[in-house]
Structures are given as structure tokens and as C-alpha cells.
Amino acid sequence: MAFDTPELIGETQAFAQWGDWITRRRQYFALYDADGKPHRNCGIVSGQFNNVPEKVPDLAGIARSLDGPVLFAGLAPQQFGHVLLTSLGRLWALERLPRDTTLYFVSKKAARPRSYQHLRPALQLFGIGNPVVVSRDPLRIDRAYLASDLFGEAHDGRGAPQFHDWVDRRLPPPGPVDAGRSVYVTRSRLGPGAGRFACEDHLEALLRDQGYEVFAPERHDLATQVRTFQQAGRLIFAEGSALHLYGLVALQRQKVAVVQRRIELPPLIEAQLTDRTGVRVEFINAIREVYWPPVPGDHYSIAILDFERLENALARAGMISKQKTAWTAPDDNALQASLTAGLKPGEKLYDEAGRDAYLRERRRRLRKRIRI
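Let me begin by describing the structure that accompanies this report. (Residues numbered from 1 in each chain as written. Predicted model: local features only at pLDDT ≥ 70, side-chain atom pairs only at ≥ 80, totals over all residues. Heavy atoms only, no water.)

### Remarks on the overall build of the protein chain
Next, step 1: A count of helices and strands for the protein chain gives 10 helices and 18 strands.
Next, step 2: With the C-alpha coordinates of the protein chain rotated into their principal frame, the extents come out at 70 × 60 × 35 Å.
Next, step 3: Taking all 372 residues of the protein chain together, 50% fall into the buried category.
Next, step 4: Considering only contacts within the protein chain whose residues lie at least 6 apart along the sequence, 71% involve residues at least 24 apart. (Helix = DSSP H or I, 4+ residues; strand = E, 2+ residues; numbered from the N terminus. Buried < 20%, exposed > 50% of the residue type's maximum accessible area, 1.4 Å probe, protein only. Contact = heavy atoms within 4.5 Å.)

Here it is, written out as C-alpha cells:
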């Protein structure tokens, strides 16, 4: 994918104005000049939210203003992986702007500071301590800067070379890769309400016997996560948002495998992990069955792994030795206990056909509620 030459517009006057929702994920919004024409570099492309400029925006009566230099930084999502994919791509411009520049993010929902707990740590990882405003209010900005978005969902998970250069400059230089250090990046500490593998604790025990340390990234600050990801000679990831951080800091001298928890690997993950030249990742689909709890999000799925198939795939990839220990599958009691963990009384899991029926009924009830 080719990227255009990065563009930075400013200082200029801009008016942030919102309009009606078009669909559940698309809304009229843009940064306009005083004549009501949309500025360049204010587009947002995300699975959560996309904006469209209005032909004739109503700019009259916009009273609130942001003082000082302001960089439009795009969307502030609430989830960790989405922050990495959506909120970083314009920050390269800070190296060309005044040090007191405010970062202006927009939000899909009404902005509540506690809802954006992942934004500030992500900024701090790159040494950014600028003032931050997250807002859905109409705003007048007299000293606005608008920068090209060089990374993330807007580019199917890929980044411009200038963006990766910026990331490498902002992070401490990586130390040597320890070929003897093996790390399994788990999701089990997220709890039974998260999308997961059934019996991931069983997989952890098998990998410990192979010399792996089990690493739960959410229990460590981002700097520690980066150091761990860059030091390990072998990394096995349970497919999840930690991959979006690893994709920013991956090194060529590592062996990496991703154990899928969804049959169809999200394209954003695959694109990001194959973006930087020379980084090779083995994607392993060893899923036997998939079930869902009674919630709408597809990412809450629970995958049952075929442990024999997983063992063979990891051995072929050079991640484990079949001579070291014999792998076994969890017994039926452990599997059922893991599958049903987190369900409320009366709830049940759905297979793919049952889930489709559940979602249709849920949509029917929502439409009925709206008509009422």
C-alpha cells in the first residue's frame, strides 16, 4: 500500500461541528473553515465511527473555543486495541508543532474521562505529555493544525514508513533479543467475560513445561509490555489486542506465533503484523468449535482448541519440541466448567446457528422498542 506524502496544515481557523447520525457508525462531522468548507485531514475511518462532512453546516452560534495551538488527533476510542489503531496516526506532527499544543480528540459517545483510561498511557508510552481534550461539543479553534493520518484502521492496519520511523524514535532503543527467552501472552487473566479460549489455563501449563513464561499484559504498564515483547526470542500470542502493541515494536530476530481464537482472523491484525518488512508471524487456526454467550459482540466468542492440532502446528513452526513433553487435552469436566464460566443463571451458550437466531431476535426486539 502506497502512502501519500504526509501533509500538515496550519495554523488555520477551524470549526468542529456535528450533525445527524447517518447510520449506527456514520455521523455528519468535520472541521470546517469559516466559509463552511471541510478541511483536509479531518476524516475518521474506524470500525466504530466514520464521519461525513455536511454540504451546508450550521456554524452559527459555536461559542466554545479551544485556545492556543491545537492538533486534531482523530478519534479517542474506549478500548485499548482501538486506541492504538485509531488515535496515534496523526501524532507524528507534534515534532513540528509548539510544545504546548493541545491534542483534540473526538469521541463516538458523550465524553466521560474515566471511559478513556487507555488513551493517556498510550500517549505517555511515546513521551507525549501534551494537554488532551476529548469532546463532542461544537468548537471554534483559531490555531488549528491538521495532519495526515499515517497509521491504523484508515489504512487497513498498516502504517506509513514515516510513522514507523516516528515510533522507533519515540521508544527506547530495543536491547538484544534473548533467543532463550520464551513468552506466552495470555488472555486468561481478563476473566470469563472476555473473548477467550476454553481451558486456557491448560494450555498455559503445557507451555510452561516447554519453558515458556506466561505473561498477562494488562497486569503490566506499557513500557514493561514493550520490553517483554522485544526481549523474547520466541513469542506465542493468544489472539487479542496485545498484538496491536506488538505490531508497533516487532523485531526481525524473533519467532512469533498467533493462536487464533476466531476462525476468520481479523484482517486488521494480519495486515499490521505483516506490515513491517522482515517480521514473520505464524498464524495458527487449531479451533475445533466456537460458542458465544448471549451478548451481541462477535469478539466475545469462546474457542475450543484441538490440542493435538495445536501441538503439531507449534512444533512445525519451531515454537515447541514434541520430544520434550507429551501434550494432553483437558478432560470433559474441565472443558464444561471453562465454557460455562461467566454465564448468569438461566443463560446458555450458542453455536453459530443458535447465535444467528439470537441476534435476529435481539434486532427484532430493538426495532419494536424503537417503534414504541
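### Describing unusual backbone geometry
Next, step 1: With an omega dihedral of -10 degrees, the bond running from Gly10 to Glu11 counts as a cis peptide bond.
Next, step 2: With respect to the element layout, Glu11 can be found in strand E1 (residues 8-21).
Next, step 3: Here the phi dihedral of Cys199 falls at roughly 60 degrees; this positive angle occurs in a residue that is not glycine.
Next, step 4: Residue position: Cys199 is located in the loop between strand E12 (196-197) and helix H4 (200-209).

### Section: the sheet that holds strand E18 (residues 302-305)
Next, step 1: Overall, mixed pairing links the three strands, which are arranged E12-E18-E17 in an open sheet. Across the chains shown, the open sheet's two edge strands, defined by having one partner strand only, are E12 and strand E17 (287-291).
Next, step 2: By the bridge criterion, four bridges tie E17 to E18 in an arrangement that is antiparallel. Bridged to Ile287 within E18 is Leu305. (Pairing = 2+ DSSP bridges.)

### Overview of the sheet that holds strand E13 (residues 212-215)
Next, step 1: Taking strand neighbours across the sheet as the criterion, the five strands line up as E13-E11-E14-E15-E16 in an open arrangement whose pairing is parallel. Edge strands, defined here as strands with exactly one partner in the open sheet, are E13 and strand E16 (281-284). Averaged over all pairs of adjacent strands, the angle between strand axes in this sheet comes to 20 degrees, irrespective of strand direction.
Next, step 2: Inspection of the sheet shows strand E15 (residues 255-259) paired to E16 by four bridges, in the parallel sense. Paired with Val259 across the bridge in E16 is Ile284.
Next, step 3: Running over the sheet, helix H6 (residues 242-249) touches strand E11 (178-185), strand E14 (232-238) and E15 and is turned about 150 degrees from E14. (Axes fitted to C-alpha atoms, helices over the stretch in contact; angles between N-to-C directions.)

### A look at the pairing of E14
Next, step 1: Judged by how many residues are buried, E14 sits mostly within the fold: six of seven residues are covered.
Next, step 2: Judged from the five bridges that link them, E14 and E15 form a sheet pairing that is parallel. Within E15, the position partnered with Ala238 by the bridge is Val259.
Next, step 3: As a crossover connection, the stretch from E14 through H6 into E15 is right-handed. (Right-handed = clockwise from strand over helix to strand, strands pointing away.)

### Section: the nonpolar core
Next, step 1: Formed by 54 residues in total, the largest nonpolar core has its most connected members in Leu91, Leu103, Phe126, Phe229, Leu235, Phe237 and Tyr246.
Next, step 2: No other element matches H6, which puts six residues into this core.
Next, step 3: Sequence-distant contacts of Phe229, defined by excluding residues within four places in its chain, comprise Val185, Phe215, Leu235, Phe237, Ala242, Leu245, Tyr246, Val249 and Gln254. (Core = buried A, V, L, I, M, F, W, Y, C linked by side-chain atoms within 4.5 Å.)

### Topic: the environment of Glu54
Next, step 1: With respect to the helices and strands, Glu54 occurs in the loop between strand E3 (50-52) and strand E4 (65-66).
Next, step 2: Residue Glu54 is classed as partly exposed on the basis of its relative accessible area, which comes to 24%.
Next, step 3: Between the C-alpha atoms of Glu54 and Phe29, which are 25 residues apart in sequence, the distance is 7.1 Å.
Next, step 4: Filtering out sequence-adjacent residues up to four positions away, Glu54 remains in contact with Trp18, Gly19, Tyr28 and Tyr32.

### Structural notes on the packing of aromatic side chains
Next, step 1: Summed over all chains, the structure comprises 13 aromatic pairs.
Next, step 2: On the basis of an interplanar angle of 50 degrees and a centroid distance of 6.0 Å, the ring pair of Trp18 and Phe49 is categorised as tilted. Within this pair, whereas Trp18 is found in strand E1, its partner Phe49 is found in the loop between strand E2 (26-32) and E3, the two being separated by 31 residues in sequence. Taken as a pair, Trp18 and Phe49 share a single burial class, namely buried. (Phe/Tyr/Trp six-rings, centres within 6.5 Å; stacked < 30°, edge-to-face > 60°.)

### Thoughts on the pattern of salt bridges
Next, step 1: What the rule picks out here adds up to 15 salt bridges.
Next, step 2: Asp149 serves as the salt-bridge partner of Arg90, at 3.6 Å between the closest nitrogen and oxygen. Note that Arg90 is positioned in the loop between helix H1 (80-86) and strand E6 (102-106) and Asp149 in the loop between strand E8 (139-147) and strand E9 (151-152), a separation of 59 residues in sequence.
Next, step 3: You can call Arg90 buried: its relative accessible area is 3%.
Next, step 4: Given the relative accessible area of 18%, Asp149 is considered buried.
Next, step 5: With a closest N to O distance of 3.8 Å, Arg170 and Glu95 form a salt bridge. (Salt bridge = Lys/Arg side-chain N within 4 Å of Asp/Glu carboxyl O.)

### A short note on the packing of helix H5 (residues 222-231) against H6
Next, step 1: In the contact formed by H5 and H6, the axes pass within 10 Å of each other and the chain directions differ by 65 degrees. Every pair of crossing elements has a handedness; the one defined by H5 and H6 is right-handed. Note on element contacts: H6 touches H5 through Ala242, Leu245, Tyr246 and Val249, opposite Leu222, Gln225, Val226, Phe229 and Gln230. (Left-handed = near helix turned anticlockwise from the far one by under 90°.)

### Structural notes on the pairing of E15
Next, step 1: Counting buried positions along E15 gives four out of five residues, so the element sits mostly inside the fold.
Next, step 2: Crossover connection from E15 via helix H7 (residues 267-273) to parallel E16: handedness right-handed.

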